[in-house]
Amino acid sequence: MQALIEISDKQYLVKKGDTLFVPRQQTAIGDTMEINSMATIDGANTVLNPAGSVKAKVLGHVKDDKVVVFKKKRRKRYQSRNGHRQQMTQIEVVSI
């Protein structure tokens, strides 16, 4: 059984036991989040807007890989190099 969930305007197709990184959530480590599912997929049966929800456990708050932003204007002796690491939350799907 799989479920389609939406967290912070991003959609994820998950099943029980999946571990994934989502944008930073205001939840303490070890707490359980309850997420409304958009669709439930069970073999050939697909249910849109199901009544149930998905429970996920917060494993930790981490930073994503560094993204390098490089700007340059040719012939003007201008160049700028910055890095950015996005805040992420690691969750594990407990039940669907």
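Our structure's up above, just so we're on the same page.
Residues numbered from 1 in each chain as written. Predicted model: local features only at pLDDT ≥ 70, side-chain atom pairs only at ≥ 80, totals over all residues. Heavy atoms only, no water.

Engineer: Could you clarify how one ought to interpret the side chain of Thr-40 in this entry?
Structural biologist: By secondary structure assignment, the location of Thr-40 is in strand β4 (residues 32-42). Residue Thr-40 is classed as buried on the basis of its relative accessible area of 14%. Leave out the neighbours within four places in its chain, and Thr-40 touches Met-1, Gln-2, Ala-3, Asn-45, Thr-46, Val-47 and Pro-50. (Helix = DSSP H or I, 4+ residues; strand = E, 2+ residues; numbered from the N terminus. Buried < 20%, exposed > 50% of the residue type's maximum accessible area, 1.4 Å probe, protein only. Contact = heavy atoms within 4.5 Å.)

Engineer: Please explain a positive patch on the surface as it appears in this structure.
Structural biologist: Together, Lys-63, Lys-66, Arg-81 and Arg-85 give the surface a local cluster of positive charge. As for its position among the elements, Lys-63 is in strand β6 (residues 53-63). Judged by relative accessible area, which is 46%, Lys-63 ranks as partly exposed. (Patch = residues over 30% accessible without salt bridge, like charges linked within 9 Å, V, L, I, M, F, W, Y side chains within 5 Å. Areas by Shrake-Rupley, 256 points an atom, 1.4 Å probe, with all protein chains shown as cover. Salt bridge = Lys/Arg side-chain N within 4 Å of Asp/Glu carboxyl O. Lys, Arg positive; Asp, Glu negative; His and termini not counted. Charge placed at Lys NZ, Arg CZ, Asp CG, Glu CD.)

Engineer: Explain unusual backbone geometry to me, please; I cannot follow it from the model alone.
Structural biologist: Residues other than glycine predominantly adopt negative phi, and peptide bonds predominantly adopt the trans conformation. The phi torsion at Asp-9 lies on the positive side, around 65 degrees, for a residue other than glycine. Here Asp-9 is to be found in the loop between β1 (2-7) and β2 (10-15). Residue Asp-9 is classed as exposed on the basis of its relative accessible area, which comes to 72%. Positive phi values are uncommon outside glycine, yet Arg-77 reaches one of about 55 degrees.

Distances and angles like these do not, on their own, reveal function.
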